[in-house]
Amino acid sequence: MFINIKINGLTLIDAYAFTNCNLEKVVIPKNVKYIETSAFENNIGLQQVIFEHSEDDIIYINDNVFSKCPNVTIISHNSKVKEYAQRNKLKMR
C-alpha cells in the first residue's frame, strides 16, 4: 500500500525523515524552506513530488533527497527546484 502526504507546518524536512515510507505522492508547501539529504530516500513507488513554491521563493534542497526513487517526477515552477532536479537528473514537469 502506498501513502500520499501533504506536509504542513514545517519549515525543515530533516535527513531521512521519510526514508522507506512507501510514499506515492508528496505535496511540499511553500513554508518548507530546507530539505536535508536523503529525506525521501528509497521510496520506490514515489511518483510525484509537487512543490507549491512560486518561481522566486527561497528553498534549499540538499543533493540525494530523492535517492533510490526511480519513478519520481518533480512538479514545480520554482527556479531552485528546477536547478535541483536538473543537477540530480530527475524527471521534471
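The preceding data block contains the structure.
Only a predicted model underlies this, so the values are computations on that prediction, with no experimental measurement involved.

Colleague: With reference to specific residues and values, describe the nonpolar core.
Modeller: Ile35, Phe40, Phe51 and Phe66 are the most contacted members of the largest nonpolar core, which has 24 residues in total. At the level of secondary structure, the elements contributing two or more residues to this core comprise β3 (23-28), β5 (48-51) and α1 (79-87).

Colleague: Can you tell me about unusual backbone geometry, naming the residues and giving the values?
Modeller: With glycine set apart, most residues show a phi of negative sign, and most peptide bonds adopt trans. The backbone of Tyr16 shows a phi angle near 65°, a positive value even though the residue is not glycine. Summarising the element assignment, Tyr16 is placed in the loop between β2 (12-13) and β3. The backbone of Asn20 shows a phi angle near 60°, a positive value even though the residue is not glycine.

Colleague: Can you tell me about the pattern of salt bridges, naming the residues and giving the values?
Modeller: Under the definition given, this model contains three salt bridges. Residue Lys6 is joined to Glu52 by a salt bridge in which the shortest nitrogen-to-oxygen separation is 3.5 Å. Taken together, the residues span a long stretch of sequence, with Lys6 in strand β1 (residues 3-6) and Glu52 in the loop between β5 and β6 (60-61) at a distance of 46 residues. Among the salt bridges present, the one from Asp57 reaches Lys30, with a minimum N-O distance of 3.5 Å. Of this pair, Asp57 sits in the loop between β5 and β6 while Lys30 sits in the loop between β3 and β4 (34-35), and the two are 27 residues apart along the sequence.

The rules behind these values
- Residues numbered from 1 in each chain as written.
- Predicted model: local features only at pLDDT ≥ 70, side-chain atom pairs only at ≥ 80, totals over all residues.
- Heavy atoms only, no water.
- Core = buried A, V, L, I, M, F, W, Y, C linked by side-chain atoms within 4.5 Å.
- Buried < 20%, exposed > 50% of the residue type's maximum accessible area, 1.4 Å probe, protein only.
- Helix = DSSP H or I, 4+ residues; strand = E, 2+ residues; numbered from the N terminus.
- Salt bridge = Lys/Arg side-chain N within 4 Å of Asp/Glu carboxyl O.

Distances and angles like these do not, on their own, reveal function.
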